[in-house]
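Given next are the chains, with one letter for each unit.
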Amino acid sequence: MGVTENQRIDTAVTGNLKQPRVIIVGTGLSGVVMGMRLMQAGIRDVTVFEKSHRIGGTWNYNDYPGLRCDVPSHYYQYSFEPSGSWSHRFCGGPEIRQYFEDMAKKYALFQRIQFNKEVTNAEYHDGVWTVETADGVNTTADFLIAACGILVRPKYPDILGLYTFAGKTVHSARWDHSLDLNGKRVAVIGNGSTGVQMIKPMSDVCAKVVSFQRTPQWIIPVPNRKYSELERAMASKVPGVSTFFYNTYRFLMEQMMGRGIIKDGWSRKMVGKICQWNLNTVKDPVLRQKLTPNYVAMCKRLVMSSEFYPAIQKENVELVTDGIDHVEPAGIVDKTGKLHELDIIALATGFHANEYMLPMTMTGENGMTLADVWKDGPRGYRTVALPGFPNFFMVMGPHSPVGNFSLASIAETQSEYIMNFIKLWQRGKFKAIVPTELATERFNREMKDNMHSTVWVTGCASWYLDKNGVPGSWPWTATKFRHDLQDPRLDEYRMITA
Ligand code: N01
């Protein structure tokens, strides 16, 4: 059923508006943009809970050597807040984190953030959410918005003897900055986007770097470069330059990678060919063979790097593909029985993906719990809402388009969508609103029906897949995502008015 004119939500601000109390959980790029939208709308009773001591979400927790965003910075920003000051095409983690903090300060969101406050439980009753933090304090609100991220909880591998290692063991998402890598023998376990980024900077300073690869990755080259002073001045001062870059990179990423992810065709083939060409730059045929994946490019999240292949061919870098047998105090023993003596083990082994606001507990209408609704895994209504949980929304919730896209752009679309409901509430249209079970079911069914043509189901293991091997990511174009979230469909919601 399409959206008719009179089903469209008129969010024009008229007359006296009610002031909602809003709680946001998380200050990653999702929580920050949600808060900025609320500030723009003149909504001031906003409380943001952040379990860490500073803003940034993934850009706060991840601070390992070589950390860069592999989405161009001019596209990894909010479209309505273009920055001209990006130092590189692909900026490092600290610069990106700073952008989000600057945004929170600019929009007077920063002073509404309560740091070191982990939300443990949230309960809905009669139009009000009561949110409990780990310190036992309860806060109430009319709207609760979870912006808790996707890749949050580090995954520690189950390797025999790992904790007997006499040197230092560190996970990429909990990097220990007191570690001195200079002249050390370092192992990197895992070669996803994170592990690949670490190899080059480590190879520059370490005596030895050993990359333990379980499954080869397709890697697309993304030459990085520093912007000149002139370029930065132009992007800062000439109106439209930064926005032009934003639109150009968005077009390239959505049309090239985005299309190839969801459907076979020229773009999937082209990405595959570029990756193969990149792989062919590895001179040693034996090494090249070890680095060759046996699945289609983009089946796993595409790794983007121009530095990895040159680095893995360096004298002081070794690729081990024999598998890890166990760890002992002196180092890692591979499956051939060879001991790799080490000082440091870096775990680039990823995350328990797709847990969203878990382990936080939630109770919605009629005692329905999050555990009930998610008994078969996380699901939601159009990535932003949950049946049974009125006035509750998610930014970057289940099924969001997360494959090689700019999550800043995705979060922006979702936050604008959510604002529609808050503005309606301000005008007294309802006390609470909740998507119907029927609409949620229909959305999930349509999604599953479209999964068969995505690249994620072409035969590889990845964090896109749930425990049953089913992908949970948006199986359509980014254009459809923006279109579907442009006009909220009230016919798919139930309004609670009394
Ligand atoms: O994690 P991953 P990641 N023994 O899950 C291996 C985003 N990101 O941190 O492939 C040995 O992709 C595992 O092997 P296999 C991005 O979305 C973005 O690298 O399962 N190895 C794999 O090689 C990315 O997709 C940026 O066989 C083990 C690796 O560990 C997501 O974060 C930068 C193992 C895990 O790869 C996650 O990337 C960095 C074991 N027991 C990351 N267990 C940007 O620039 C796991 N592995 C935006």
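Report follows, based on the coordinates. (Residues numbered from 1 in each chain as written. Predicted model: local features only at pLDDT ≥ 70, side-chain atom pairs only at ≥ 80, totals over all residues. Heavy atoms only, no water.)

**A word on the site of the ligand**
Thinking step 1. As a structural note, the neighbourhood of the ligand is formed by 22 residues, with Asp70, Thr194, Thr215, Lys300 and Trp463 the closest of them.
Thinking step 2. Lysine 300 has a polar side-chain atom sitting 2.6 Å from an oxygen atom of the ligand.
Thinking step 3. Protein chains bury 84% of the 920 Å² of accessible surface belonging to the ligand in isolation.
Thinking step 4. The element that contributes the greatest number of residues to the shell around the ligand is helix H4 (residues 193-205), accounting for three residues.
Thinking step 5. Along the lines of polarity and charge, the residues of the shell around the ligand split into eight nonpolar, nine polar and five charged. (Near = heavy atom within 4 Å. Polar contact = N/O pair within 3.5 Å; in protein donor to acceptor, adjacent residues only side chain to side chain. Areas by Shrake-Rupley, 256 points an atom, 1.4 Å probe, with all protein chains shown as cover. Helix = DSSP H or I, 4+ residues; strand = E, 2+ residues; numbered from the N terminus. Nonpolar A, V, L, I, M, F, W, Y, C, P; charged D, E, K, R; others polar.)

**Brief notes about the pattern of salt bridges**
Once the charged atoms of two side chains with opposite charge are near each other, the side chains can pair.
Thinking step 1. Counted under the stated rule, the structure contains 27 salt bridges.
Thinking step 2. The partner of arginine 185 in a salt bridge is aspartate 343, with the nearest N and O atoms 2.8 Å apart. Of the two residues, arginine 185 sits in strand S10 (residues 185-189) while aspartate 343 sits in the loop between strand S17 (339-341) and strand S18 (344-347), which places them 158 residues apart along the sequence.
Thinking step 3. A salt bridge links aspartate 484 to arginine 382; the nearest nitrogen and oxygen atoms lie 3.5 Å apart. Here arginine 382 lies in the loop between helix H10 (370-373) and strand S21 (392-394) and aspartate 484 lies in helix H13 (residues 478-484), a separation of 102 residues in the sequence. Grouping residues by exposure puts aspartate 484 and arginine 382 together as buried. (Salt bridge = Lys/Arg side-chain N within 4 Å of Asp/Glu carboxyl O. Buried < 20%, exposed > 50% of the residue type's maximum accessible area, 1.4 Å probe, protein only.)

**Overview of the sheet that holds strand S5 (residues 128-133)**
Thinking step 1. The four strands are arranged S6-S5-S4-S20 in an open sheet whose pairing can be described as mixed. The sheet terminates laterally at strand S6 (138-141) and strand S20 (361-363), the two strands that pair on one side only. Looking at each pair of strands side by side, their axes are set apart by 15° on average, direction ignored.
Thinking step 2. In this sheet, S20 lies alongside strand S4 (residues 119-125) in parallel orientation, the contact comprising three bridges. Opposite alanine 122, over in S20, you have methionine 362 as the bridge partner. (Pairing = 2+ DSSP bridges. Axes fitted to C-alpha atoms, helices over the stretch in contact; angles between N-to-C directions.)

**Some points on the side chain of aspartate 142**
Thinking step 1. Mapped onto the elements, aspartate 142 comes out in the loop between S6 and strand S7 (143-146).
Thinking step 2. Those residues in contact with aspartate 142 that sit more than four places away from it in its chain are Gln19, Pro20, Arg21, Gly127, Trp129, Asn391 and Trp425. (Contact = heavy atoms within 4.5 Å.)

**Some points on the state of the cysteines**
Thinking step 1. Counted by the stated rule, this structure contains one disulfide.
Thinking step 2. One disulfide bridge connects cysteine 299 with cysteine 460, the sulfur atoms lying 2.1 Å from each other. Between cysteine 299 and cysteine 460, the S-S torsion sits near -100°, and that sign places the bridge as left-handed. Highlighted residues: cysteine 299 in the loop between helix H8 (285-290) and strand S13 (303-304) and cysteine 460 in the loop between helix H12 (437-449) and H13, separated in sequence by 161 residues.
Thinking step 3. Judged by relative accessible area, cysteine 299 falls into the buried class, the value being 0%.
Thinking step 4. No disulfide involves cysteine 91; its sulfur sits 8.7 Å from that of cysteine 69, the nearest cysteine. (Disulfide = S-S within 2.5 Å.)

**Focus: the sheet that holds strand S15 (residues 324-328)**
Thinking step 1. Overall, antiparallel pairing links the three strands, which are arranged S15-S16-S17 in an open sheet. Lying at the two open borders of the sheet, with one neighbouring strand each, are S15 and S17. Recorded for the sheet is a direction-independent mean angle of 25° between the axes of neighbouring strands.

**Comments concerning the environment of methionine 234**
Thinking step 1. Position of methionine 234 among the secondary structure elements: in helix H5 (residues 229-237).
Thinking step 2. Taking the relative accessible area as the measure of exposure, methionine 234 reaches 40% and is therefore partly exposed.
Thinking step 3. A sequence separation of 149 residues divides methionine 234 from serine 85, and the C-alpha atoms of the two residues are 9.5 Å apart.

**Quick notes on helix H11 (residues 407-426)**
Thinking step 1. The terminal C-alpha atoms of H11, which comprises 20 residues, lie 28 Å apart, in line with the 28 Å expected from a rise of 1.5 Å per residue.
Thinking step 2. Counting buried positions over the 20 residues of H11 gives 17, a clear majority of the element. (Expected span 1.5 Å × (residues − 1).)

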